[in-house]
Amino acid sequence: MRKIGLMGGTFDPIHIGHLVAAERSMEACGLEEVWFIPNAGPPLKDRAPGAPASDRLRMTELAAGEHPGFRVLDTELRRGGISYTYDTVQELRSLEPEAEFHLIIGTDRVRDLPLWHRIGELAAQIRFIGVDRPDEAGRPAEPGSMPDLPEELRERVIRVPMPQLDISSTAIRTRLATGLSVRYLVPDAVRDYLTEKELYRHDG
Ligand code: ATP
Ligand code: MG
């Protein structure tokens, strides 16, 4: 059975936290590939993305292009509207009926799993890989810990350890808006693109 990792996000912009999460999940779970899927409208975020979809997609492609096992899908951007993982998974399952999909998420998203659209059906179709991520105050997650989840969800989550990187797209946008460096927080190709397009300069 072909094991495929899925990594959804706003990628506004993509950063090394996303890339390390994908790499460690690949290694720990024997994933053949990881597919990055930038979303159009994220369901559980109240702000619109800061950069146009075309730029978020391009930066994700630049970052993924450095890894032979990473691919980028524009499935959610093409569909538009609110991007529900459930809808995306239905599309991907009909495309690749033989694949076993693993959705990679940080511990922040593991916590809000019960709120996801059609979560019961989704959890029956795919597995979740939960990677360590510090909380909003920068406090490290308890390695391998599992938030309080209903049993039927908990048993669908595989915890994968990773170095805890207190990095977020929000913090990167703030740095750019105030003229600070994002070197080493994003791949060089992404940093070059951000500079060339002057992205997030006025998004304080
Ligand atoms: P924002 O600050 O705009 O919310 P973000 O950095 O949280 O951006 P998203 O695009 O929202 O990035 O995240 C996509 C996925 O990547 C989510 O599952 C999130 O938990 C995970 N993720 C993001 N940053 C990290 C990180 N530093 N370590 C582990 N996982 C991460
Ligand atoms: Mg986030």
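About the criteria used
- Residues numbered from 1 in each chain as written.
- Chains lettered and ligands numbered in written order.
- Predicted model: local features only at pLDDT ≥ 70, side-chain atom pairs only at ≥ 80, totals over all residues.
- Heavy atoms only, no water.
- Buried < 20%, exposed > 50% of the residue type's maximum accessible area, 1.4 Å probe, protein only.
- Helix = DSSP H or I, 4+ residues; strand = E, 2+ residues; numbered from the N terminus.
- Pairing = 2+ DSSP bridges.
- Right-handed = clockwise from strand over helix to strand, strands pointing away.
- Core = buried A, V, L, I, M, F, W, Y, C linked by side-chain atoms within 4.5 Å.
- Contact = heavy atoms within 4.5 Å.
- Arc of directions from axis to C-beta.
- Near = heavy atom within 4 Å.
- Polar contact = N/O pair within 3.5 Å; in protein donor to acceptor, adjacent residues only side chain to side chain.
- Areas by Shrake-Rupley, 256 points an atom, 1.4 Å probe, with all protein chains shown as cover.
- Nonpolar A, V, L, I, M, F, W, Y, C, P; charged D, E, K, R; others polar.
- Phe/Tyr/Trp six-rings, centres within 6.5 Å; stacked < 30°, edge-to-face > 60°.
- Lys NZ or Arg CZ within 6 Å of the ring centre and 35° of its normal.
- Axes fitted to C-alpha atoms, helices over the stretch in contact; angles between N-to-C directions.
- Parallel < 35°, antiparallel > 145°, perpendicular 65-115°, else oblique.

Novice: Describe in detail the pairing of strand S2 (residues 33-38), supporting the description with residues and values.
Specialist: Judged by how many residues are buried, S2 sits mostly within the fold: six of six residues are covered. Summarising the sheet, strand S1 (residues 2-9) and S2 pair through six bridges and their orientation is parallel. What sits directly across from Gly-9, in S2, is Pro-38. In this fold, S1 hands off to helix H1 (residues 16-29), which returns the chain to S2; that crossover is right-handed.

Novice: Tell me about the nonpolar core, residues and numbers included.
Specialist: Counting 31 residues, the largest nonpolar core has Ile-14, Val-34, Phe-36, Met-59, Phe-70, Ile-104 and Leu-194 as the members making the most contacts within it. Where this core is concerned, the elements lending two or more residues are H1, S2, helix H2 (53-64), strand S5 (127-131), helix H8 (169-177) and helix H9 (188-197). A per-element tally of this core places H1 first, with five residues. Once residues lying within four places of it in the same chain are set aside, the contact partners of Ile-104 are Gly-5, Leu-6, Met-7, Ala-21, Ala-22, Ser-25, Leu-31, Val-34, Ile-129 and Val-131. In terms of nonpolar packing, the next biggest core, distinct from the first, is built from 23 residues, Ala-99, Phe-101, Val-110 and Leu-149 among them.

Novice: Would you mind going over helix H4 (residues 85-95) in detail, with residue names and values included?
Specialist: Within H4, burial applies to Tyr-86, Thr-88, Val-89 and Leu-92. Projected down its long axis, H4 shows its buried positions confined to an angular sector of 155°, all on one face. Against S1, S2, helix H3 (75-79), strand S4 (99-106) and helix H6 (119-125) lie the buried residues of H4.

Novice: Which residues make up the site of ligand 1, and what values go with them?
Specialist: Neighbouring ligand 1 are 23 residues; His-15, Lys-45, Asp-108, Ser-169 and Thr-170 lie closest to it. In the model, a nitrogen atom of ligand 1 is placed 3.0 Å from a nitrogen or oxygen of the Leu-165 main chain. Look at ligand 1: alone it shows 600 Å² of surface, and the protein chains cover 93% of it. Secondary-structure elements contributing two or more residues to the shell around ligand 1 are S1, H1, S4, helix H5 (107-111) and H8. Counted by class, the shell around ligand 1 contains seven nonpolar, ten polar and six charged residues.

Novice: So what's going on with the packing of aromatic side chains? Which residues, and what values?
Specialist: Applying the stated criterion across every chain yields a total of four aromatic pairs. Ring centres of Phe-36 and Phe-70 lie 5.0 Å apart, and the angle between their planes is 65°; on these two criteria the pair is classed as edge-to-face. Residue Phe-36 is located in strand S2, and its partner Phe-70 is located in strand S3 (residues 70-72); the two are separated by 34 residues in the primary sequence. The same class applies to Phe-36 and to Phe-70, which are both buried. Taken together, the ring pairs connect Phe-11, Phe-36 and Phe-70 into an aromatic cluster. It is Arg-71 that lies over the ring of Trp-35; its NZ or CZ is 4.7 Å from the centre.

Novice: So, the packing of H2 against H9: which residues are in play, and what are the values?
Specialist: Axis separation between H2 and H9 bottoms out at 8 Å; the angle between their running directions is 150°. Classified by the angle their axes make, H2 and H9 are roughly antiparallel. Between H2 and H9, the contacting residues are Asp-55, Arg-58, Met-59, Leu-62 and Ala-63 on the first element and Ala-189, Val-190, Tyr-193, Leu-194 and Lys-197 on the second.

Note that all results are geometric; they support no functional claim without further evidence.
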